[in-house]
Number of protein chains: 2
Amino acid sequence: MERTLAKDVKEHIGGQVLLKGWVHALRVMGKLNFIVLRDRTGTVQTKIKGYDNSDGSLKEEASIKILGAVVTDERAPNGFEVDIEKLEVISTTFDTPPIQVNRSREQIGTRLETLLSHRPLSLRNPEIGGVFKIRAEIIWGFREFLKSQGFLEVQTPKIVAAGTEGGTALFAVQYFEQKAYLAQSPQFYKQMLVGSGYERVCEVGAVYRAEEHNTTRHLNEYISLDYEMGFIEDFHEITTMETELLRFIFANLEKSCARELELYKIEVPKVPSEIPHMKLSEAGDILKKNFKKNMNGDIDPEGEQLICKYVKEKTGSDFLFMTHYPTENRPMYAFPCEDDPKLTNSFDLLFRGLEITSGGQRIHDYEQLTSSIRGRGLNPADFDFYLEIFKYGMPPHGGLAIGAERLTCQLLNLANVREASFFPRDRNRIVP
Amino acid sequence: MERTLAKDVKEHIGGQVLLKGWVHALRVMGKLNFIVLRDRTGTVQTKIKGYDNSDGSLKEEASIKILGAVVTDERAPNGFEVDIEKLEVISTTFDTPPIQVNRSREQIGTRLETLLSHRPLSLRNPEIGGVFKIRAEIIWGFREFLKSQGFLEVQTPKIVAAGTEGGTALFAVQYFEQKAYLAQSPQFYKQMLVGSGYERVCEVGAVYRAEEHNTTRHLNEYISLDYEMGFIEDFHEITTMETELLRFIFANLEKSCARELELYKIEVPKVPSEIPHMKLSEAGDILKKNFKKNMNGDIDPEGEQLICKYVKEKTGSDFLFMTHYPTENRPMYAFPCEDDPKLTNSFDLLFRGLEITSGGQRIHDYEQLTSSIRGRGLNPADFDFYLEIFKYGMPPHGGLAIGAERLTCQLLNLANVREASFFPRDRNRIVP
């Protein structure tokens, strides 16, 4: 007999089903056992009379197999339940679970550190685990939209010989006799692949930042959603692409994650037909004038939150492209502004106060790029592997990177970006 | 004016197009310049009379922009070409390319090592670069099919505290004060996530093998296509799923990669409705009887090739599930055979003589798993992070891993698996 999933049981009212899953909740009322079975698609109430549990194997979080009749009952959740004809414990529990899976996240109340230490078990909680259905659909939307726009999906090496930005915050790897590093970003490789003739490439991959700070916004290993596109006329092509991408991603979430969005009481944000753009210098002026905050040509997390609130009030947009960052705050490949070489054709995308994207146009001229590298006190010879393709008709190009965990976290109003990573790696944690 | 891609020019015969791309070939015949323009979708012939190239910037592999009229001409390839009205060199070349991009792969004739050293440039060659359109579509098919079967796509950590198989062939990472390693496989994590209630998970991710051997079949960093499924009745559910997966992948390739398959003169293999299964011991008997080859309960690459040829002749199948590997050759989590505990419910998938998949059923019982770990001389306490979820109703489960580069390589008859990796990492190479 074929297995029926919890979400499909209602289609079998009056019939028989075979269910498999975990004991989400167990209530014994005299001779009557109520078992809420949970599988990957949801829960369903079942009941059995006079079950012999003398060996004690039927417990919450044990996995079970049920054969039963689907019957209507006004008292049951959704008006139906399953009368068990046969119940088999497939695999029992060997210990009392350190987390009570069937409570709401608020009721569990456990510290995040404890939840993370027992991560596989805590993910069984529908709210905690539901984060990753949202995340998976965000990632699916990212790739699917870009595929429709002619992007090739690539996978670039994470073991690299040199850092993207000159050697700081790199994790070292002993690679046989050679010293290697974990890639901080696929930046060099995605640019090289634009130049390899693919023109438009995207990647969903891990990136590594050996940063010491342990904040609610940082992970040392995270999933970066990258794209890079060639033959652009200006950097607005990149922001326009992201605007359409976000619209596609959110429209898909509404369709595919209704259950999870409801658990989190979330409505997906509206992406305006044109996301507001604001120069960093303009943001500085507004912060000074309206909030008495002096940013000195840069912006900090608090400034980002204030400016996002300001833009939300003025335009209704949850998103803001902050543009024209100073050359000195951007990497050596950032394309200088035509009318002010102290600034770059670069941008961040802020979403409800948090930076979720960094991007911009890149220098494509070989001589300009080597000179920019030299200007940073770096040696172009160290970047030969990256620079070679720039000798052969490298087209104007640019792109961006979206932090998958940050976007998920911000969308669901999670307090800590770790909640959007299956097994977060931070300053202290490499297990589980 | 909107850009037209090379593949779409034929739809504009009689009209005007804006093209962008690289100079694939340049022939000067008196005052007439023939330029074959190449973009990410293919090539198109264009021509211009009396172009002033006195600065020499118009060269093969420069990137250009063309405005022109699409006209029919019997002498042109496909019967049409573009009469250039305006030609702009966007970005010229600064050097003579070390590889002649517009030749056939055979004509280029350069050693693979040299091609890899100039990888971004050599990928511009349509044959060399076309490998990755095939690879991308294989990966797309993998995810798309599994999504339709209820699998959640996951990304698990690549920085880990312990190896999957007891500490050999691991790359060490200095993780702040802690010693960590690069993951050899997502094995532990995908099992844990099955137990986390997702039941069915898949991952496309890098894996790392610090193996010293430098063969045409090995990479030290490669892309593993993994899935793991819970609540199975036996390990045939895993091989059936792979059979349907392969059918889906190849059907998609035929639709989406016609141009690349033609370049490689490849027909995608037929996946039989049931791929033949053969026990390893049976293969040993056949090798002994028919090929005078004594395998002593194991099989080597030559044996795999011979047995695949044998099966191809007998059944017509390019694929073979080799099953029931001995316990001593499989990891500690391999599920023992019901009728012979010296064997396991495990399999490899051989494709035209090469192993492209390894998989099997896993032990799900907590006590059986800890005892198996002890039996290998390992300490269960070192695997606490993995074992915890097995205490809480872990369902019967199993899965497999497909090497993305090996599958691509074998499908296209490439001589070396490195040709199916954008930037291969091997015993000596970490650049480009």
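Residues numbered from 1 in each chain as written. Chains lettered and ligands numbered in written order. Predicted model: local features only at pLDDT ≥ 70, side-chain atom pairs only at ≥ 80, totals over all residues.

(A) A look at the relation of the copies chain B and chain A. The transformation that overlays chain B on chain A combines an axial shift of 0.0 Å with a rotation of 180°, and the residual RMSD is 0.0 Å. With respect to symmetry, the two chain copies, as superposed, fit the operation of a two-fold axis. The rotation axis passes nearest to the C-alpha of Val 173 of chain B in chain B, at a distance of 2.4 Å. A shared binding surface is used by both copies, with 100% of the interface residues of chain B retained as interface residues in chain A. (Least-squares fit on C-alpha atoms with pLDDT ≥ 70 in both. Contact = placed C-beta atoms within 7 Å.)

(B) Highlighting the domain arrangement of chain A. Considered domain by domain, chain A is made up of domain 1 (6–91) and domain 2 (126–420). Here the C-alpha centroids of domain 1 of chain A and domain 2 of chain A sit 47 Å apart. (Domains from an automatic or database assignment.)

(C) How the structure looks around the sheet that holds strand S6 (residues 152–153) of chain A. All names here are of chain A. Read across the open sheet, the 8 strands follow the order S6-S10-S11-S18-S17-S16-S13-S12; overall the sheet is mixed. Where the open sheet ends on each side, the last strands, each with one partner, are S6 and strand S12 (277–279). Pairing of strand S17 (residues 354–362) with strand S18 (residues 397–403) involves 6 bridges; the strand directions are antiparallel. Among the inter-strand pairings, Thr 357 is bridged to a residue of S18, identified as Ile 402. The sheet contacts of helix H8 (residues 280–291) involve S12 and strand S13 (319–323), and relative to S12 the element is tilted by about 80°. Lying over the sheet, helix H9 (residues 301–315) contacts S13, strand S16 (346–351) and S17, oriented at roughly 120° with respect to S13. (Pairing = 2+ DSSP bridges. Helix = DSSP H or I, 4+ residues; strand = E, 2+ residues; numbered from the N terminus. Axes fitted to C-alpha atoms, helices over the stretch in contact; angles between N-to-C directions.)

(D) Layout of unusual backbone geometry. Look at the link from Val 431 of chain A to Pro 432 of chain A: it is a cis peptide, with omega at -5°. Here Pro 432 of chain A lies in the segment after helix H12 (404–411). Phi is positive for Glu 61 of chain A, which is not a glycine, with a value near 80°. With respect to the helices and strands, Glu 61 of chain A occurs in the loop between strand S3 (42–49) and strand S4 (63–72). Even without glycine at this site, Phe 231 of chain B takes up a positive phi of about 60°. Here Phe 231 of chain B lies in the loop between strand S11 (221–230) and helix H6 (236–256). You can call Phe 231 of chain B buried: it has 20 C-beta atoms within 10 Å. (Buried ≥ 20, exposed ≤ 12 C-beta atoms within 10 Å, placed from the backbone.)

(E) Representation of H8 of chain A within the structure. Residue and element names in this part refer to chain A. The terminal C-alpha atoms of H8, which comprises 12 residues, lie 15 Å apart, in line with the 16 Å expected from a rise of 1.5 Å per residue. What H8 keeps buried is the set Leu 280, Ala 283 and Leu 287. The arc enclosing the buried residues of H8, seen along the axis, measures out at 50°, which places them on a common side. The outward face of H8, more than 90 degrees from its buried face, is lined by the exposed residues Asp 285, Lys 288 and Lys 289. (Expected span 1.5 Å × (residues − 1). Arc of directions from axis to C-beta.)

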